[in-house]
Amino acid sequence: MDEEEALARLIALAGTSAPDAALLRAVVEEASELGARRALARLGLADEAAREDVGDLRQLLSAWRDAKTSAWKAAVDWAVRGVLAALVVGLAVKLGLPGLLR
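Residues numbered from 1 in each chain as written. Predicted model: local features only at pLDDT ≥ 70, side-chain atom pairs only at ≥ 80, totals over all residues. Heavy atoms only, no water.

Engineer: If you had to explain helix α3 (residues 50–94) to someone new, which residues and values would you point to?
Structural biologist: With 45 residues, α3 should reach 66 Å at 1.5 Å per residue; the first-to-last C-alpha distance of 65 Å fits that figure. Just past α3, the residue G96 takes up positive phi, approximately 80 degrees. (Helix = DSSP H or I, 4+ residues; strand = E, 2+ residues; numbered from the N terminus. Expected span 1.5 Å × (residues − 1).)

Engineer: Outline the pattern of salt bridges, listing residues and values.
Structural biologist: Inspection of every chain in the model, using the stated rule, returns three salt bridges. Between E29 and R25 there is a salt bridge, with the nearest N and O atoms lying 3.2 Å from each other. With a gap of four residues between them, E29 and R25 both fall in helix α2 (residues 21–43), about one helical turn apart. On the basis of relative accessibility, which here comes to 59%, the residue R25 falls in the exposed class. The salt bridge involving E33 is made with R37; its shortest N-O contact spans 3.1 Å. Here E33 pairs with R37, and both are found in helix α2, just four residues apart, close to one helical turn. (Salt bridge = Lys/Arg side-chain N within 4 Å of Asp/Glu carboxyl O. Buried < 20%, exposed > 50% of the residue type's maximum accessible area, 1.4 Å probe, protein only.)

Engineer: Tell me what's going on with α2, and back it up with residues and numbers.
Structural biologist: In an α-helix, one full turn covers 3.6 residues, which means residues spaced three or four apart are oriented alike. Under the 1.5 Å per step criterion, the end-to-end length of α2 is 33 Å for 23 residues, consistent within 8% with the ideal 33 Å. Considered for burial, the residues of α2 that qualify are L23, V27 and L34. Phi turns positive, to about 80 degrees, at G44, one or two residues after α2.

Engineer: Residues and numbers for the nonpolar core, please.
Structural biologist: Counting six residues, the largest nonpolar core is built from L7, L10, A14, L23, V27 and L34. Residue assignment for this core shows that the elements contributing at least two residues are α1 (3–16) and α2. Among all residues touching L34, those that are not within four sequence positions of it are E3, E4 and L7. (Core = buried A, V, L, I, M, F, W, Y, C linked by side-chain atoms within 4.5 Å. Contact = heavy atoms within 4.5 Å.)

Here is the structure:
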């Protein structure tokens, strides 16, 4: 008996008598399980390799985030160094140090 048939039987059983909480819970669980399987199948994640694929995607996303963070840190580091270098050059010009080199 497949999941669709089990769900159909549960719904038929619920329609014949006053459904109790356990029967309603079983219908909801079967329907949600069937819906989740259909959604995964539509996304192409219903096969055995799907777990590994999702794991690989998570690792790739983590590596991308690490690279992005490190690139921003490097850009800020270079910007700070540039500002400090300009400040030192400006200070040297203000104090007249280029005249001492002649």
